[in-house]
Amino acid sequence: MARWCAGNGWPVHPLAAGRKTPAGNCPACRKEPHRPADCPCLPAGRWCHGFHAATTDPGLLAAWWGVNPALGVGVSCGPAGLVVLDVDAHSAEVPHRDRLLPGIPIHESVNLAGLASGFDTLALLSALRGRPSPADDESTLRVRTPSGGLHIWYRTAPDGPGYRSSVGSSPKVALAWQVDVRAAGGYIVTPATRTPAGTYTPVGAARFPAPLPDWLAAELRRTGHTPRSAPVQVPAPRPRPVRPSRSAQRATRLLEPLLAEVEACGAASEGTAFTEKLNRAAYTAGGLVAAGHLTATQAEALLTAAADSARPHRSRHSLTVIASALSAGAARPFHPEGRP
């Protein structure tokens with residue numbers, strides 16, 4: 001599968017055997033973090049730094065999978081010119097209707113009874129735009145995940161804009177609740193990859209990505225998935241002075257059940273809504289920091305410990321989720337005792 005993907009011009013990188021996460025960095029890189037571009041492993045023919053190591057070099061492919069054929073295969077979406085919709089079917093608490101389709105108000109007259117997953121929100125978005133759901137798009141490669149979700153692969157125009165990744169639970173950049181976007185800064189698991197939960201299996205006859213539909217490209221632009229010409233500097237809310245330790249204790253107690261949900265994800269390698277749960281815990285922590293009940297250092301330590309306990313090989317992903325959700329939560333200071 002690695003050679004087939006590379007033959008299509010899609011840079012690939014190893015996944016840990018039997019898992020959907022990148023193979024771990026070498027011990028030296030774990031001890032002394034550094035930029036992937038400065039890593040000595042790649043010139044030496046070793047893998048490191050997840051999707052940053054993705055390549056189409058036949059020599060490296062032979063060195064990696066020739067030594068360990070049990071490694072899975074991931075595709076780095078940005079360099080491959082791919083946008084993949086990762087539709088989740090995880091059991092999770094449905095948020096308020098205002099967060100189901102970011103930027104699109106859903107009137108109270110719309111009956112949302114039965115809405116439970118990304119399949120539903122993607123269908124809702126498609127219906128509002130008068131289009132069929134991408135989940136039913138037989139013209140493109142679709143891959144059923146072991147947890148019951150779906151990966152919908154599309155290719156971007158060579159001269160078109162790039163797109164960036166997002167998670168469906170993000171309060172900042174998201175296409176729809178429970179629909180992640182895999183693009184620049186992300187990777188996707190290839191078909192035929194096996195995990196203890198099952199195999200990633202193609203759906204239908206299509207085996208190659210179709211061009212990204214114009215209406216979906218417009219939605220990605222609308223929801224902020226295209227890079228800005230210059231970053232917009234948004235001043236972070238200035239945290240209030242940290243309150244006495246009793247306040248910190250109350251805040252920690254409030255976070256404990258959310259952190260416990262994150263840690264419980266360690267019982268299974270997938271299908272646990274790990275990103276969603278970590279995002280919720282970090283968003284709450286951001287509000288507590290902004291209200292002065294915790295310091296940013298305390299919050300980051302609690303969140304990182306919980307995330308690393310559940311997903312020790314996904315520290316880079318976890319740190320990205322934590323930073324984004326803490327920043328978003330800081331815009332809404334939160335007081336456990338309910339005072340303004």
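Since the structure is predicted, the reported quantities are computational estimates derived from the model, not experimental observations. (Residues numbered from 1 in each chain as written. Predicted model: local features only at pLDDT ≥ 70, side-chain atom pairs only at ≥ 80, totals over all residues. Heavy atoms only, no water.)

Enquirer: Could you clarify how one ought to interpret the packing of helix H8 (residues 274-290) against helix H9 (residues 296-310) in this entry?
Expert: Their axes nearest at 10 Å, the elements H8 and H9 cross at an angle of 170 degrees. The pairing of H8 with H9 is recorded here as roughly antiparallel in orientation. Contacts between H8 and H9 involve Phe 274, Leu 278, Ala 281, Ala 282, Ala 285 and Val 289 from the first element and Ala 296, Ala 299, Leu 303, Ala 307 and Ala 310 from the second. Each residue belonging to the contact of H8 with H9 can be placed in one class, and the counts come to 11 nonpolar, no polar and no charged. (Axes fitted to C-alpha atoms, helices over the stretch in contact; angles between N-to-C directions. Helix = DSSP H or I, 4+ residues; strand = E, 2+ residues; numbered from the N terminus. Parallel < 35°, antiparallel > 145°, perpendicular 65-115°, else oblique. Contact = heavy atoms within 4.5 Å. Nonpolar A, V, L, I, M, F, W, Y, C, P; charged D, E, K, R; others polar.)

Enquirer: Please clarify how the sheet that holds strand S2 (residues 72-76) should be interpreted in this entry.
Expert: Spatially, S1-S2-S7 is the arrangement adopted by the three strands of the open sheet, whose pairing is antiparallel. Lying at the two open borders of the sheet, with one neighbouring strand each, are strand S1 (12-15) and strand S7 (187-189). Put simply, the sheet's adjacent strands are angled 35 degrees from each other on average, direction ignored. Docked against the sheet, helix H3 (residues 58-67) engages S1 and S2, running at close to 15 degrees with respect to S1. (Pairing = 2+ DSSP bridges.)

Enquirer: Got a minute to help me understand the packing of aromatic side chains in this structure?
Expert: Both the distance between ring centres and the angle between the ring planes are used here to describe each pair of aromatic rings. Counting across every chain of the model gives five aromatic pairs. Residues Trp 4 and Trp 10 carry aromatic rings whose centres are separated by 5.6 Å and whose planes lie at 85 degrees to one another, so their mutual orientation is edge-to-face. For Trp 10, a relative accessible area of 7% corresponds to the buried category. Here a set of aromatic residues connected by ring pairs shows up, and it is made of Trp 4, Trp 10, Trp 153 and Phe 208. (Phe/Tyr/Trp six-rings, centres within 6.5 Å; stacked < 30°, edge-to-face > 60°. Buried < 20%, exposed > 50% of the residue type's maximum accessible area, 1.4 Å probe, protein only.)

Enquirer: What's the story with the pattern of salt bridges in this structure? I'm lost.
Expert: Note on pairing: side chains with opposite charge can pair once their charged atoms come close. Evaluation of the coordinates by the stated rule reveals six salt bridges. When the shortest N-O distance is used, the salt bridge between Glu 108 and Arg 97 registers 3.7 Å. Highlighted residues: Glu 108 in the loop between strand S3 (82-87) and helix H5 (118-128) and Arg 97 in the loop between S3 and H5, separated in sequence by 11 residues. With its nearest N and O atoms 2.6 Å apart, the salt bridge here joins Glu 219 to Arg 129. (Salt bridge = Lys/Arg side-chain N within 4 Å of Asp/Glu carboxyl O.)

Enquirer: Help me understand the nonpolar core, please; the structure alone is not making it clear to me.
Expert: As a rule of thumb, nonpolar side chains are buried together in soluble globular proteins. In terms of nonpolar packing, the biggest core is built from 29 residues, with Leu 85, Ile 152, Leu 175 and Leu 212 touching the most fellow members. For this core, the elements supplying multiple residues, two or more each, are S3, H5, strand S5 (150-155), strand S6 (179-182) and helix H6 (214-222). The element best represented in this core is H6, accounting for four residues. Apart from the residues lying within four places of it in its own chain, the contact partners of Leu 85 are Leu 122, Pro 134, Leu 150, His 151, Ile 152, Leu 175, Val 179, Asp 180, Val 181 and Leu 216. (Core = buried A, V, L, I, M, F, W, Y, C linked by side-chain atoms within 4.5 Å.)

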